[in-house]
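Remarks on the overall topology
The chain contents come next:
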Amino acid sequence: SERIEQDADEMTRDVLSVFGEACDNFDEMRTREGAKLAEDVRNRASEIERMVGEVETRSPERVKEYREKLLKNNIQEQSDKKRVYFAGSDILEAAGNNMSIDETRIVTEAAIYADKTAVDEETVRLRSHLQQLDGMLNEVKPVGRKLDFLVQEMNRETNTIGSKANDVSMAQIVVNIKSEIEKIREQIQNIE
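Residues numbered from 1 in each chain as written. Predicted model: local features only at pLDDT ≥ 70, side-chain atom pairs only at ≥ 80, totals over all residues. Heavy atoms only, no water.

1. Notes on the overall build of the protein chain
Helices and strands together make up the secondary structure of the protein chain, namely six helices and zero strands. With 192 residues in all, the protein chain has 28% of them scored as buried. Restricting the contact set of the protein chain to residue pairs at least 6 apart, pairs at least 24 apart contribute 77%. When the accessible surface of the protein chain is totalled, it reaches about 13,000 Å², and 50% of it is carbon and sulfur. (Helix = DSSP H or I, 4+ residues; strand = E, 2+ residues; numbered from the N terminus. Buried < 20%, exposed > 50% of the residue type's maximum accessible area, 1.4 Å probe, protein only. Contact = heavy atoms within 4.5 Å. Areas by Shrake-Rupley, 256 points an atom, 1.4 Å probe, with all protein chains shown as cover.)

2. Details of a negative patch on the surface
Together, Asp7, Asp9, Glu10 and Asp14 make up a negatively charged patch on the protein surface. Structurally, aspartate 9 can be placed in helix H1 (residues 8-82). Judged by its relative accessible area of 53%, aspartate 9 is exposed. (Patch = residues over 30% accessible without salt bridge, like charges linked within 9 Å, V, L, I, M, F, W, Y side chains within 5 Å. Salt bridge = Lys/Arg side-chain N within 4 Å of Asp/Glu carboxyl O. Lys, Arg positive; Asp, Glu negative; His and termini not counted. Charge placed at Lys NZ, Arg CZ, Asp CG, Glu CD.)

3. Remarks on the side chain of glutamate 157
Relative to the assigned elements, glutamate 157 resides in helix H5 (residues 144-165). Excluding residues within four positions of it along the chain, glutamate 157 makes contact with Glu122, Arg125, Leu126 and His129.

4. With respect to the pattern of salt bridges
Tallied over the entire structure, the rule returns 17 salt bridges. Of the charged contacts, one joins aspartate 134 and arginine 42 as a salt bridge, the two residues approaching to 2.6 Å between their closest N and O atoms. Pair noted here: aspartate 134 is in helix H4 (residues 120-137) and arginine 42 is in helix H1, with a separation of 92 residues, a long-range link. Residue class for arginine 42 comes out partly exposed when judged on its relative accessible area of 28%. Across the pair arginine 156 and glutamate 153 runs a salt bridge, and its minimum N-O distance is 2.2 Å. Within this pair, arginine 156 and its partner glutamate 153 are both found in helix H5, separated by three residues, close to a single helical turn.

5. Details of the packing of H4 against H5
Contact geometry for H4 and H5: axes closest at 10 Å, N-to-C directions at 160°. Classified by the angle between their axes, H4 and H5 sit roughly antiparallel to one another. Relative to H5, the crossing made by H4 is left-handed. Taken together, the residues of H5 that come into contact with H4 (itself represented by Glu122, Thr123, Arg125, Leu126, His129, Leu130, Gln132, Leu133, Met136 and Leu137) are Lys146, Leu147, Leu150, Glu153, Met154, Glu157, Thr158, Thr160, Ile161 and Lys164. (Axes fitted to C-alpha atoms, helices over the stretch in contact; angles between N-to-C directions. Parallel < 35°, antiparallel > 145°, perpendicular 65-115°, else oblique. Left-handed = near helix turned anticlockwise from the far one by under 90°.)

6. A word on the nonpolar core
Counting residues in hydrophobic clusters, the biggest one holds 27 residues, and the most contacted among them are Ile48, Val55, Leu133, Leu147, Ile161, Ile177 and Ile184. Sequence-distant contacts of isoleucine 48, defined by excluding residues within four places in its chain, comprise Leu130, Met154, Ile177, Glu180, Ile181 and Ile184. (Core = buried A, V, L, I, M, F, W, Y, C linked by side-chain atoms within 4.5 Å.)

7. So, the side chain of serine 59
Mapped onto the elements of the fold, serine 59 is located in helix H1. Dropping the residues within four chain positions of it, serine 59 is found in contact with Thr117, Val119 and Met170.

8. Points about H5
An ideal rise of 1.5 Å per residue puts 32 Å on 22 residues; H5 measures up with 31 Å between its terminal C-alpha atoms. Of all the positions in H5, only Gly144, Leu147, Leu150, Val151, Glu153, Met154, Glu157, Thr158, Ile161 and Ala165 are classed as buried. (Expected span 1.5 Å × (residues − 1).)

9. Side note on the confidence of the model for the protein chain
The predicted model of the protein chain averages 83 in pLDDT, with 85% of residues at 70 or higher. Here helix H2 (residues 91-98) stands out as the element of the protein chain with the lowest mean pLDDT, 48, in contrast to helix H6 (residues 168-188), whose mean of 95 is the highest. Scored below 50 in pLDDT, residues 91-97 shows eight contacts in the model against residues more than four places distant or in partner chains. (pLDDT = per-residue confidence, 0-100.)

Dropping the structure here:
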């Protein structure tokens, strides 16, 4: 083999040029990947926000259903005592004439139930976390650790909603929210 003499300055320029091009390509790739990650996380956050809306809609319905159940049980107790049987929507009219419904007890129990199962605070915080998430995705500095912490907080709020749900449809929504949060968590592991 023959040794070819090259100008050290020329070789340095060539190496630095190729190295600079490689770094530029690497940065462009990371920028594209980051944009795709941010888009995916935003889409999942949007889905979570939609499901939080479902929780907020369902929550007062549960309380109303519970109150109706209490009323029905009270009427049933009264009718069992008086051997009176009612059907359909005529219950209240017939009950008004023949029974003493303890409306105060029903209202009190429904209020206690509503307070015990209220998820307003959790949904407000979850929406706040979703806004923070969107803001962090717009930052140019590293936010990976902050995002990781934020996702933990979102998970906590969702778990609390789940523990208060006491309702099959809300429990299913909570499972779906947790699934989306987990997918976000997996994606942010790739964010610096």
